[in-house]
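Architecture at a glance
Residue strings, one per chain:
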Amino acid sequence: MILSIESSCDDSAIAITDIKTKKLVFHKKISQELEHSVYGGVVPELASRLHAEALPKILEECKPYFKDLKAIAVTTAPGLNVTLVEGVTMAKALCISLNLPLIAVNHLKGHIYSLFIEKETFFPQTVLLVSGGHTQVIEVKSLEEMQMVATTMDDSFGESFDKVSKMMKLGYPGGPVIEKMAEEGDENRYPMPLPLSQSPLIAFSYSGLKNAVRLVALDAQEKDYCDIAACFQKAAVGHLLQKLKKYFKTHPPENFSIVGGASANLYLREKIETLLKPFKASLSLAEMKYCSDNAAMIGRVGIEMYEKKMFVDVDEVRTEARTSL
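Read on for an overview of the structure. (Residues numbered from 1 in each chain as written. Predicted model: local features only at pLDDT ≥ 70, side-chain atom pairs only at ≥ 80, totals over all residues. Heavy atoms only, no water.)

1. Description of the pairing of strand E10 (residues 282-285)
Within a regular strand, the side chains alternate between the two sheet faces. Selection criterion: We call two strands paired when DSSP finds no fewer than two bridges between them. Counting from the N terminus, the helices are the DSSP runs of H or I reaching at least four residues and the strands are the DSSP runs of E reaching at least two. Here the term right-handed applies to a crossover when the path leading from its first strand over the helix to its second strand runs clockwise, the strands being oriented away from the viewer.
Alignment of strand E9 (residues 255-259) against E10, held across 4 bridges, turns out to be parallel. Across the sheet, the residue bridging to Phe-256 is Leu-283, located in E10. Regarding topology, helix H9 (residues 266-276) serves as the crossover connection from E9 to the parallel E10, and that connection is right-handed.

Listed below in structure tokens is the structure:
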């Protein structure tokens, strides 16, 4: 079995996965949303302290499996350095004390492999990764052959939802709040700009849309918030759709996937499904419980890397705030 650890942001998680069967034997996650909601977003130093408390508690439950472990997998990048180091420190200690090899996992690859938790992989895939930190289109042919073809120039898709929620003092995380309010709103009431609509670039940008929402919200009352949420969501998703449609003209999809925390947005899923119909492309989605950060996806990547003997020296492993695939 492989024990995997995830601490890239504000979720403390540990999983144990059977190498041969791909079955998830153990998985537990402790969220910090309540603690960070007071501040309207993640406070790195607080997150680090909470990881230091939560991870050992979860690990205690894993001790019965120690005798069956073949490797330790841990998220090393991208993420918050002060939180990544908590998971990496634990992983190093386990490797040394149990005499096991260490597997350094890229968090973004983890999200891609969330599609394959307890399943076999199938490639190629055109992947839309949408989360609080990333908005990317990635062409995936294998574990080692992934090419990023589009990314955000500023804010991410998920981050923009958090910031719009914060503007209207609706709480954190903003994604579920905005999505729920949008269900009751008129998505055509306020005209919102479609970012980069005249640009030939296959890229994303949410800073301008975020500012447009801010200007509308300044003069709005609480009764208007559902309409603002609906109009924002329509534009935020519409931006993704427009750029994907442009990309599909030269790169028609065969297998398309949406991963990352924001992939749980049902409005986005519905619109993407409609977009794919003319191409007769399949749509793959991770289970809802594996959309957000979790250790099960890190363990699933860990299996692939274990089989290829992609280990790192305990003394040389480093964390990185931002990294490419």
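2. Some remarks on the packing of aromatic side chains
We count it as follows: Only Phe, Tyr and Trp rings are paired, with Trp represented by its six-membered ring, and only when their centres lie within 6.5 Å; those with planes under 30 degrees apart are stacked, over 60 edge-to-face, the remainder tilted. Each residue's exposure class comes from its accessible area (1.4 Å probe, protein chains only) as a fraction of the maximum for that residue type: buried when under 20%, exposed when over 50%, partly exposed otherwise.
By the definition in use, this model includes 12 aromatic pairs. Centroid distance Phe-116 to Phe-122: 5.6 Å. Interplanar angle 75 degrees. Geometry classified as edge-to-face. Classification of Phe-116 as buried rests on a relative accessible area of 0%. A relative accessible area of 37% means that Phe-122 is categorised as partly exposed. Aromatic side chains Tyr-247 and Phe-248 sit 6.4 Å apart centroid to centroid with 50 degrees between the ring planes, which places their arrangement in the tilted category. In this pair, the class of Tyr-247 matches that of Phe-248, namely buried. A network of ring pairs unites the aromatic residues Tyr-113, Phe-116, Phe-122 and Phe-123 as a single cluster.

3. Quick word on the sheet that holds strand E5 (residues 102-106)
Put simply, the test is: Fitted lines through C-alpha atoms serve as axes, helices being fitted only where they are in contact, and the angles separating the N-to-C directions of these axes extend from 0 to 180 degrees. By the convention used here, residues are in contact when the closest approach between their heavy atoms is within 4.5 Å.
In space, the 5 strands of this open sheet follow the order E3-E2-E1-E4-E5, with mixed pairing throughout. Strands with a single pairing partner mark the edges of an open sheet, and in this sheet they are strand E3 (24-31) and E5. Shown here is a sheet whose adjacent strand axes are inclined to one another by a mean of 20 degrees, direction ignored. Two elements, strand E1 (residues 2-6) and strand E4 (residues 71-77), share 4 bridges in a ladder whose sense is parallel. Looking at E4, one finds that Ile-2 is bridged to Ala-71. Relative to the sheet, helix H2 (residues 44-62) contacts E1, strand E2 (11-17) and E3, its axis offset from that of E2 by approximately 20 degrees. Helix-sheet contacts for helix H3 (residues 81-98) involve E1, E2, E4 and E5, and the interaxial angle to E4 is about 160 degrees.

4. Comments concerning the sheet that holds strand E7 (residues 135-140)
Taken together, 5 strands build an open sheet; the order of strands is E8-E7-E6-E9-E10 and the sheet is mixed. Two strands close off the open sheet at either side, each with one partner strand: strand E8 (146-151) and E10. Averaged over all pairs of adjacent strands, the angle between their axes in this sheet comes to 25 degrees, without regard to strand direction. For E7 and E8, the ladder comprises 5 bridges, and the chain directions are antiparallel.

5. Here's the deal with the packing of helix H5 (residues 157-167) against helix H7 (residues 207-218)
Spelled out, the test is: Here is the rule for angles: anything less than 35 degrees is roughly parallel, anything more than 145 is roughly antiparallel, 65 through 115 is roughly perpendicular, and the remaining ranges are oblique. Crossings are sorted by hand: turned counterclockwise from the far helix by less than a right angle, the near helix makes the crossing left-handed, and turned clockwise it makes it right-handed.
The geometry of H5 relative to H7 is characterised by a closest axis approach of 10 Å and an angle of 15 degrees between their N-to-C directions. Looking at the two axes, H5 sits roughly parallel to H7. In this structure, the crossing between H5 and H7 has a hand that is right-handed. Listed contacts from H7 to Lys-163, Val-164 and Met-167 of H5 are Lys-210, Val-213 and Arg-214.

6. Notes on the layout of surface pockets
This is how the line gets drawn: Only protein atoms enter the 1 Å grid used here. Points where a 1.4 Å probe fits but cannot escape make up a cavity, open sets with protein on both sides within 12 Å along at least five of seven lines make up a pocket, and a residue lines them when an atom lies within 4 Å of a point. Grid points are joined across faces, edges and corners, and a volume is the space filled by probe spheres set on the points.
Roughly 1,400 Å³ of volume is contained in the largest pocket. Only E3, helix H4 (107-113), E7, H5 and helix H6 (174-182) provide two or more residues apiece to the lining of the largest pocket. Examining the composition of the lining of the largest pocket, we find that 7 residues originate from one element, H5, more than from any other.

7. Points about the nonpolar core
As a reminder, the rule being used: The set of buried Ala, Val, Leu, Ile, Met, Phe, Trp, Tyr and Cys residues whose side-chain atoms join them within 4.5 Å is what this entry labels a nonpolar core.
Among the nonpolar cores identified, the biggest contains 43 residues, and Leu-128, Phe-157 and Ile-272 are the most heavily contacted of them. Looking at which element gives the most residues to this core, the answer is helix H8 (residues 225-248), with 14 residues. Those residues in contact with Leu-128 that sit more than four places away from it in its chain are Gln-136, Val-137, Leu-240, Leu-244, Phe-256, Ser-257, Ile-258, Val-259 and Ile-272. Within the second largest apolar cluster, 30 residues are counted, among which are Ala-13, Ile-19, Met-297 and Ile-298.

8. Things to note about empty space enclosed by the protein
Enumeration according to the criterion identifies 1 cavity of 30 Å³ or more in this entry. Approximately 40 Å³ is the volume found for the largest cavity. Lining the largest cavity are Ser-114, Leu-115, Phe-116, Ile-117, Lys-119, Leu-285, Ala-286, Glu-287 and Tyr-290.

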